Amino acid sequence: MTSHTVPVDPFDLVIFGGTGDLALRKLLPALFRRFCDGQIPAGARILGVARDERSDAAYRELVSDALARASVDTLKPRVAEFLELIGYRTLDASRGEGWDAFAAELAAADATRVRVFYLSTSPSLFVDICERLRAAGLNDTRSRVVIEKPIGRDLPSARAINDAVGHVFEEGQIFRIDHYLGKETVQNLLALRFANALFEPLWNSAHIDHVQITVAETVGLEKRASYYDGAGALRDMVQNHLLQLLCMVAMEPPATLQADAVRDEKLKVLRALKPVDAANANASTVRGQYRAGAANGQAVAGYLDELGRNDSRTETFVALKAEVGNWRWGGVPFYLRTGKRLAERVSEIVVSFRQVPHSIFNGAGGPIAPNKLVLRLQPDEGVKLWLMIKEPGPGGLRLKRVALDMSFAEEFGVHQPEAYERLLMDVVRGNATLFMRRDEVEAAWTWIDPILAAWAAGNEAPKAYTAGSWGPSAAVALIERDGRTWHEDAH
Ligand code: BG6
């Protein structure tokens, strides 16, 4: 056993919404992988909770099917052992029955055992579940609660959720998941920035021209109409994932990796974002909605057809220009874009350095392209550094743009862990560095709300784009107006 596979002490993990999509598709396969890695001891208990009656055996079968779908083939021999940790309890947050017995069962374990309550349910149930946990005496100091986005749909509703959960649990017990923070490459940003002396001296407006953050998806609505149509890309992706990525790029070096040291720095970035509101929303944001087109070579319907309605103005694409108004970043635009039904599934952060101040090459081999550092979050996780070199051979000194390319798969030859693996184990260990603190979530909404308000007041329909394209042409214009282009050569 290597030091990174040391098991934690036995714990109880209760998944509310245990039969739901997130639990079966992501959480349980992630736990299984960590079990196979030797991090989860045999004495741990993982309990799925939902409203309907179901036996332990029936739930285990559901979990076993989910694991089979989660391509864990090589680990198959360990499935039976893992299923022994799994149980199922019927509980309804709107009714008191069963909660005392449930509390007694958990209390029967040793007195120091960590308890994690993962609320993998609709946010409308967060408050009721927390209140039930409190009434059953399950909110003591060894308990932790995990909540997923959406944490509200604007600042007031986010505050209401935070107040209600905060009424039952202390802030230190609340783990707000943004699964992008668990992605390997995002953690790697910490390593890249703070375990290398090379980048930090350059990491500022004197040397960086601009930053691009793209999270492009090929999927469409995916049977999530009731949630997604009420949210849209700005709330669904930008308020959380893209802003968190921006924070990881832009924050000052924290003094330690301790949760509050990192979160204090991220919070400062969110608070330093220059407002985008009615005065500049038109120039700084683009909203799009996909029309019929293609995805992965197949014809696909437009958003409104998928939705079965004609009147939705929900954006499935956003591009925007943000600016962090502080000494380090003044004048450096952060271009963010995300959308559904785009040409490719690719998420990346591109840090574009400034042009050389003077060229001695007199145009040999074409213009000198500025250096770029590209962090690929998915697929093909890795880091690329684009440089100019001399092309070998005769014919004068010809310059060529090439990438130092570090693919994690090639370098490490191992399965890239899913974000939820790291995050779930961090909750059990009580490490909140990769989770959002209340003030961060609220600061993010504080910046997002005026954009939503400006869009609502402008009363314009989102711009159409063809499924399978890179979004509306206005998104290209947004960056080209500044004399820049969206980065394309990493794929
Ligand atoms: C979720 C959004 O938070 O992230 C989804 O609600 C989106 O709309 C998903 O598809 C993307 O996550 P990933 O890990 O597949 O990039």
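In this report, we go over the structure that sits alongside the text. (Residues numbered from 1 in each chain as written. Predicted model: local features only at pLDDT ≥ 70, side-chain atom pairs only at ≥ 80, totals over all residues. Heavy atoms only, no water.)

Here the focus is the packing of aromatic side chains. Taken as a whole, this structure holds 16 aromatic pairs when the rule is applied. Look at Y59 and Y88: their rings are 5.2 Å apart centre to centre, the planes differ by 45 degrees, and that puts the pair in the tilted class. Of this pair, Y59 sits in helix α2 (residues 56-69) while Y88 sits in strand β3 (residues 86-90), and the two are 29 residues apart along the sequence. Each member of the pair, Y59 as well as Y88, is classed as buried. Ring pairing ties together the aromatic residues Y228, Y290, Y303, F317 and Y465, which thus form one cluster. Lying across the ring of Y180, K183 places its NZ or CZ 4.5 Å from the centre. (Phe/Tyr/Trp six-rings, centres within 6.5 Å; stacked < 30°, edge-to-face > 60°. Helix = DSSP H or I, 4+ residues; strand = E, 2+ residues; numbered from the N terminus. Buried < 20%, exposed > 50% of the residue type's maximum accessible area, 1.4 Å probe, protein only. Lys NZ or Arg CZ within 6 Å of the ring centre and 35° of its normal.)

By nearness alone, every residue bordering the ligand is listed as K149, H179, Y180, K183, E217, R224, D236, M237, H241, K340, R345 and Q378. Between the ligand and E217 there is a distance of 2.5 Å, counted from an oxygen atom to a side-chain nitrogen or oxygen. A distance of 2.7 Å separates an oxygen atom of the ligand from a polar side-chain atom of K340. For the shell around the ligand, the leading source of residues is helix α9 (residues 233-250), giving 3 residues. In terms of residue class, the shell around the ligand is made up of 2 nonpolar, 3 polar and 7 charged. (Near = heavy atom within 4 Å. Polar contact = N/O pair within 3.5 Å; in protein donor to acceptor, adjacent residues only side chain to side chain. Nonpolar A, V, L, I, M, F, W, Y, C, P; charged D, E, K, R; others polar.)

Let us look at the nonpolar core. Formed by 155 residues in total, the largest nonpolar core has its most connected members in F16, F82, F102, F117, L246, F334 and I349. Broken down by element, the residue count for this core peaks at 12 residues, all from α9. In contact with I349, not counting residues within four places along its chain, are L189, V211, Q212, I213, L245, V249, L373, V374, L375 and L377. (Core = buried A, V, L, I, M, F, W, Y, C linked by side-chain atoms within 4.5 Å. Contact = heavy atoms within 4.5 Å.)

This brings us to helix α5 (residues 126-135). When α5 is considered as a whole, its buried residues turn out to be F126, I129, C130 and L133. Down the axis, α5 shows its buried residues gathered within 100 degrees of arc, on one side only. Against the buried residues of α5 lie β1 (12-16), α4 (99-107), β4 (115-119), β5 (143-148) and α6 (155-168). One or two residues past the end of α5 sits G137, with phi positive at roughly 70 degrees. (Arc of directions from axis to C-beta.)

By themselves, these observations are geometric and do not establish any function.
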